[in-house]
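Each chain is listed here by its residues.
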Amino acid sequence: MWKRMWRTWTIDKPAALGEWLWQILVVELAALLDRVTLRKVIALIPVVIVIAAYMHRIPIPPEVMLLGDVLAYIDIVSVILLVGLFTRAATVLAAVKQTVDQIGAALHRLAIALRRVDGRHRRTTGGGQRKQSAREKTEDEDAAIVSGLAWV
């Protein structure tokens, strides 16, 4: 009986206390810290300032009271800043997309123009043509034709 009581109070009870402390101080605290975010902590700061101000033990200047309001408005200011940044980013991306499209179109036109100037498939000249006699030649044939206009 004494051995059982000794074992209960020296091993089992301290082990149960240790497990309880582990559950409270490690497991529950970790779960609580997972749910606590910086936003929730910032939202709690004005409450602490107001409680301290109403206790009247420590005089709080009005600047510190306004600090709570500023911290409360951080969410609104951050949303406005993010919208401004996203708008600028969208404008820059649209300009980059337009520039890339213009470069692509210019390269496409260049590729078509280079295909037209292909030197590998030249036509043979002079094989099937008959020679004109000197008396059949007229003055109009001496005119040079440049880009649709005739120059004499």
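What you see is a predicted model, and the numbers here were worked out from it, not measured in a lab.

### Some points on the packing of helix α2 (residues 38–55) against helix α3 (residues 62–116)
To describe two helices that pack against each other, one gives the angle between their axes and the distance between the axes.
Then step 1. One can describe the packing of α2 onto α3 by two numbers: an axis separation of 9 Å at closest approach and a directional angle of 160 degrees. Between α2 and α3, the angle is such that the two are roughly antiparallel. Relative to α3, α2 is oriented so that their crossing is left-handed. Here Arg39, Ile42, Ile45, Pro46, Ile49, Val50 and Ala53 of α2 come into contact with α3, specifically with Val64, Met65, Gly68, Leu71 and Asp75.
Then step 2. A per-class count over the contact of α2 with α3 returns nine nonpolar, one polar and two charged.

### Digging into the confidence of the model for the chain
Then step 1. Overall, the prediction assigns the chain a mean pLDDT of 78, with 74% of residues at 70 or greater.
Then step 2. Considering each helix and strand of the chain separately, the mean pLDDT is smallest for strand β2 (residues 149–151), with a value of 52, and largest for α3, with 87.

### So, a nonpolar patch on the surface
Then step 1. On the surface, a cluster of nonpolar side chains totalling about 770 Å² of accessible area is made up of Leu17, Trp20, Leu21, Trp22, Ile24, Leu25, Val26 and Val27.
Then step 2. If you trace the backbone, Leu25 turns up in helix α1 (residues 2–35).

Thresholds, definitions, all that
- Each chain carries its own residue numbering, running from 1 in the direction its sequence is written.
- Local features are withheld for residues below a pLDDT of 70 in this predicted model, meaning they are given only at 70 or higher, and side-chain atom pairs are given and counted only at 80 or more; totals for whole chains, interfaces and linings count all residues.
- Side-chain numbers come from the whole structure's heavy atoms, not from hydrogens or water.
- Between N-to-C directions, angles span 0 to 180 degrees; the directions come from axes that are lines fitted to C-alpha atoms, helices contributing only their stretch in contact.
- Segments assigned H or I by DSSP are reported as helices when at least four residues long, segments assigned E as strands when at least two residues long, and all are numbered from the N terminus.
- To sort the angles, those under 35 degrees are grouped as roughly parallel, those over 145 as roughly antiparallel, those from 65 to 115 as roughly perpendicular, and the leftovers as oblique.
- Helix crossings get a hand from a simple test, with the near helix turned counterclockwise from the far one by less than a right angle marking a left-handed crossing and a clockwise turn marking a right-handed one.
- The contact criterion used throughout is that any non-hydrogen atoms of two residues lie within 4.5 Å.
- Each residue receives one of three labels: charged for Asp, Glu, Lys and Arg, nonpolar for Ala, Val, Leu, Ile, Met, Phe, Trp, Tyr, Cys and Pro, and polar for the others, Gly being one of them.
- Values of pLDDT, ranging from 0 to 100, describe the predictor's confidence in every residue of the model.
- Surface patches are defined over residues having more than 30% relative accessible area and no salt bridge, joining like charges when they lie within 9 Å and nonpolar side chains (Val, Leu, Ile, Met, Phe, Trp, Tyr) when within 5 Å.
- Here the open area of atoms and residues is found with the Shrake-Rupley method and a 1.4 Å probe, where only the protein chains shown may cover a residue.
- Each salt bridge in this description consists of a side-chain nitrogen of Lys or Arg and a carboxyl oxygen of Asp or Glu lying within 4 Å of one another.

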